[in-house]
Amino acid sequence: IVETLSRVGLQARRASVLKRLANEMIRLSGVVPSDREEIENLPGVGQYIANAVELLVFDRPRPLLDTNMARVLERYLHPRKLADIRHDPWLQESAFTLVEQGDPKKINWAVLDFAALVCKPRSPACEACPVSSSCTYFASAIV
């Protein structure tokens, strides 16, 4: 895969971002900023990584909203309206609401595991799903 990535220039881009991030962390004396805007201004840091930093470093309830969490929320509740999960207000709000229902770290990991084992992209295991009775995806008989 390294060879494939290097052919299209992604390896060089990744190395460049990591080098810029390392230089910024040296400038910050190794201290991760606690302000959300400052976190997002770090090289290579987008919404997902900023949420992960806030969740794992600062114990703030933040969702690790990726395609897996989006799939679970969409199937259980209803489809999102926007293609980009980073900019869909309904999906963002739903993800935040979900992780605020208990221990945010455990909820994030549980959703990731659930998406990988039960609510899979292809051939979901709806018959083994503990929440299928209230799931809109299951109710629509798409499976």
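Up top is the structure.
Position numbers for residues count from 1 along each chain, tracking the sequence in the order it is written. Local features in this predicted model are restricted to residues whose pLDDT is 70 or higher, and side-chain atom pairs enter the listing and the counts only when it is 80 or higher, whereas totals over whole chains, interfaces and linings include all residues. Note: side-chain values were computed over all heavy atoms of the structure, leaving out hydrogens and water.

Novice: In this structure, what is going on with the packing of aromatic side chains? I would like to understand it.
Specialist: Aromatic rings in a pair are described by how distant their centres are and how their planes are angled relative to each other. Note on ring pairs: Phe, Tyr and Trp rings are taken, using the six-membered ring of Trp, and paired if centres are within 6.5 Å. Classes follow the plane angle, with under 30 degrees stacked, over 60 edge-to-face and the rest tilted. Summed over the entire model, instances satisfying the criterion amount to zero aromatic pairs. Here, over-ring charges are defined by two tests on the NZ atom of lysine or the CZ atom of arginine: distance to the ring centre within 6 Å, and angle to the ring normal within 35 degrees. One residue, Arg75, lies across the ring of Tyr137, its end atom 4.4 Å from the ring centre.

Novice: Would you mind showing me how to read the pattern of salt bridges here?
Specialist: The salt bridge definition used is simple: a Lys or Arg side-chain nitrogen within 4 Å of an Asp or Glu carboxyl oxygen. Applying the stated criterion to the full structure yields eight salt bridges. Salt-bridge contacts for Asp59 lead to Lys105; the nearest nitrogen and oxygen are separated by 2.6 Å. Placement of Asp59 in the loop between helix 4 (47–56) and helix 5 (67–76) and of Lys105 in helix 7 (residues 104–117) is noted, with a sequence separation of 46 residues between them. Under the scheme applied here, a residue whose accessible area is under 20% of the maximum for its type counts as buried, over 50% as exposed, and between as partly exposed, the area being computed with a 1.4 Å probe on protein chains only. Judged by its relative accessible area of 27%, Lys105 is partly exposed. The shortest N-O distance in the salt bridge between Glu74 and Arg80 comes to 2.7 Å. Shared partners join several salt bridges into a network, and the residues in it are Arg36, Glu40, Glu54, Arg60 and Arg62. Going along the chain from the N terminus, every DSSP run of H or I of four or more residues is numbered as a helix, and every run of E of two or more is numbered as a strand.

Novice: I tried to follow the state of the cysteines on my own but got confused; where do I start?
Specialist: A covalent bond between the sulfur atoms of two cysteines is referred to as a disulfide. Throughout, a disulfide means two cysteine sulfur atoms within 2.5 Å of one another. Counted under the stated rule, the structure contains zero disulfides. There is no disulfide at Cys129, and the cysteine sulfur nearest it, in Cys135, is 6.1 Å away.

Novice: How do you make sense of the layout of surface pockets when you look at a structure like this?
Specialist: Empty space among the atoms can be located by rolling a probe the size of a water molecule over them. Here a cavity means grid points, on a 1 Å grid over the protein atoms only, where a 1.4 Å probe fits yet cannot get out; a pocket means an open set of points with protein on both sides within 12 Å along at least five of seven lines; lining residues are those with an atom within 4 Å of a point. Grid points are joined across faces, edges and corners, and a volume is the space filled by probe spheres set on the points. For the largest pocket, the calculated volume is near 320 Å³. In terms of lining residues, the largest pocket is bounded by 22 residues, among which Val72, Leu73, Tyr76, Phe114 and Val131 are the most central. Contributions of two or more residues to the lining of the largest pocket are made by helix 5, helix 6 (89–99), helix 7 and helix 8 (136–139). Here the element with the most residues in the lining of the largest pocket is helix 5; it accounts for four residues.

Novice: I tried to follow the nonpolar core on my own but got confused; where do I start?
Specialist: Residues belong to one nonpolar core when they are buried, are Ala, Val, Leu, Ile, Met, Phe, Trp, Tyr or Cys, and are joined through side-chain atoms within 4.5 Å. Leu65, Met69 and Leu91 are the most contacted members of the largest nonpolar core, which has 13 residues in total. Within the residue set of this core, elements represented by two or more residues are helix 5, helix 6 and helix 7. Among the elements that line this core, the one with the most residues is helix 5, at four residues. Pairs of residues are marked as contacts when any of their non-hydrogen atoms sit within 4.5 Å. Residue contacts for Met69: discarding those within four places in its chain leaves Pro63, Leu64, Ala95, Val99, Asn108 and Val111. Met25, Leu42, Val45 and Val53 belong to the second largest nonpolar core, which has six residues in total.

Novice: For this particular structure, what's the right way to read the environment of Cys119?
Specialist: Relative to the elements of secondary structure, Cys119 occurs in the loop between helix 7 and helix 8. With relative accessibility at 10%, the residue Cys119 sits in the buried group. Note: C-alpha distance between Cys119 and Asn68 (51 residues apart in sequence) is 8.5 Å. In this structure, Cys119 is in contact with Arg71, Val72, Arg75, Phe114 and Pro124, ignoring residues within four places of it in sequence.

Function cannot be read off these values alone, since they describe shape.
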